[in-house]
Amino acid sequence: MTNEHVDTDVCLVLLKDIIARWPKANDEDIETYRVALGSYLADSFEDVDLHNRIEAVASISSIERTNEGVQIDFYDVDECLQRAAFESLRESEWRLKSLKFQCPVCFGEGVNDGDECDMCGGTDWGAS
Ligand SMILES: [Zn+2]
């Protein structure tokens, strides 16, 4: 008996709720969003991710159950690849841990011209 599909389905619904409330390109007041999204966010969520403006989910690239939780890779309407990580608070209760864009300089390699990528600091996702 596994809840794997239930977990991924729940997180997919959460993701769409979250993106509907997520900061858009012209929004300045990030603090308002931090408060409005509060109940969706894990304690370890870093506010810097809210500067990653996302208009809408265009398509889901992959969704998987990992040891840490559920990870969803998706393309936004600007064709950027985004990665959302969810962690389980308790059974069937999920919170967004991070939401980062794939590095547009090294495209997830972490290395650029043989050196650690300056943009993402070798982390592949988000800005360093
Ligand atoms: Zn990079």
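This one's a predicted model, so the numbers in the text were calculated from it and none came from an experiment. (Residues numbered from 1 in each chain as written. Predicted model: local features only at pLDDT ≥ 70, side-chain atom pairs only at ≥ 80, totals over all residues.)

This brings us to the nonpolar core. Formed by 13 residues in total, the largest nonpolar core has its most connected members in Cys11, Leu15, Val70, Ile72, Ala84, Phe86 and Leu96. Residue assignment for this core shows that the elements contributing at least two residues are helix 1 (4–21), strand 2 (70–76), strand 3 (81–90) and strand 4 (93–101). When sequence neighbours within four positions are dropped, the list of residues in contact with phenylalanine 86 reads Cys11, Leu14, Gly69, Val70, Trp94, Arg95, Leu96 and Lys97. In terms of nonpolar packing, the next biggest core, distinct from the first, is built from 5 residues, Cys103, Cys106, Cys117 and Cys120 among them. (Core = buried A, V, L, I, M, F, W, Y, C linked by C-beta atoms within 7 Å. Buried ≥ 20, exposed ≤ 12 C-beta atoms within 10 Å, placed from the backbone. Helix = DSSP H or I, 4+ residues; strand = E, 2+ residues; numbered from the N terminus. Contact = placed C-beta atoms within 7 Å.)

What follows covers unusual backbone geometry. Not every positive phi belongs to a glycine, and glutamate 79 is a case in point at roughly 65°. Structurally, the position occupied by glutamate 79 is in the loop between strand 2 and strand 3. With a phi close to 50°, aspartate 113 is a non-glycine residue in the positive phi region. With respect to the helices, strands and loops of the structure, aspartate 113 is situated in the loop between strand 5 (111–112) and strand 6 (115–116). Among the residues examined, aspartate 113 registers 6 C-beta atoms within 10 Å and is labelled exposed.

Interpretation in functional terms is not warranted from these geometric data alone.
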